[in-house]
Amino acid sequence: MDLSIIIVPYKCKDQLDVTLEAVFKSQTRYSFEVFIVDNDSQDGTVEMVREKYLSNPEIAAKTKLIENTNEGFGKANNRALKMATGDFLLLLNPDT
């Protein structure tokens, strides 16, 4: 795996949607995986990710959704960093 992308959303469903669209539409020769660690958004973020992205088998194969209690931004990133397999790590804000 070349790149692990870690995104920690909190109550920003629409911004996350735009970011994920850009990530998955990107054309690259590098392999990547995406970790979405939701910090207990309770705004439909988890449902949107499941319905729009994880329902696509190609995207689901390289994406992991982690439903987290809101332990904070740092702990949420650390949770995904422990599971990441990429040679490079990218902590990407959901409003990028």
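Residues numbered from 1 in each chain as written. Predicted model: local features only at pLDDT ≥ 70, side-chain atom pairs only at ≥ 80, totals over all residues. Heavy atoms only, no water.

### Here we look at the pairing of strand β1 (residues 3-7)
The condition is simple: Between buried and exposed lies partly exposed: a residue is buried under 20% and exposed over 50% of the maximum accessible area for its type, with that area taken using a 1.4 Å probe on protein chains only. The helix and strand labels rest on DSSP assignments: H or I over at least four residues marks a helix, E over at least two residues marks a strand, and numbering proceeds from the N terminus. Paired strands, in this sense, are two strands between which DSSP finds at least two bridges. Here, the term right-handed applies to a crossover whose path from the first strand over the helix to the second runs clockwise when the strands point away from the viewer.
Within β1, four of the five residues are buried, which leaves it mostly tucked inside the rest of the structure. The sheet contact formed by β1 and strand β2 (residues 32-38) spans five bridges and is parallel. Each residue of the ladder has a partner; that of Ile 5, found in β2, is Val 34. Assessed by its sense of winding, the connection that carries the chain from β1 through helix α1 (residues 13-25) to β2 is right-handed. Sheet topology note: the β1/strand β4 (residues 88-91) ladder contains four bridges and is parallel. Considered in β4, the bridge of Leu 3 is made with Phe 88.

### Observations concerning unusual backbone geometry
Here Lys 11, not a glycine, exhibits a phi torsion of approximately 50 degrees, which is positive. One non-glycine residue, Gln 42, lies in the positive phi region at around 55 degrees. Checked against the element boundaries, Gln 42 lands in the loop between β2 and α2 (45-54).

### Observations concerning the nonpolar core
Where we set the bar: Joining through side-chain atoms within 4.5 Å is the link that ties buried Ala, Val, Leu, Ile, Met, Phe, Trp, Tyr and Cys residues into a set, and such a set is a nonpolar core. Note on definitions: a residue-residue contact is assigned when non-hydrogen atoms from the two residues lie within 4.5 Å.
Counting 16 residues, the largest nonpolar core has Leu 20, Phe 24 and Val 34 as the members making the most contacts within it. Looking at this core, the elements that each hand over two or more residues are β1, α1, β2 and α2. In this structure Phe 24 touches Phe 32, Val 34, Tyr 53, Ile 59, Lys 62 and Thr 63, once residues within four positions along its chain are discounted. With eight residues, the next largest nonpolar core counts Val 8, Val 37, Ala 80 and Ala 84 among its residues.

### Concerning the side chain of Asp 17
Relative to the assigned elements, Asp 17 resides in helix α1. On the basis of relative accessible area, Asp 17 is assigned to the buried category, the value being 16%. Residues in contact with Asp 17, not counting those within four places in the same chain, are Met 48, Lys 52 and Tyr 53.

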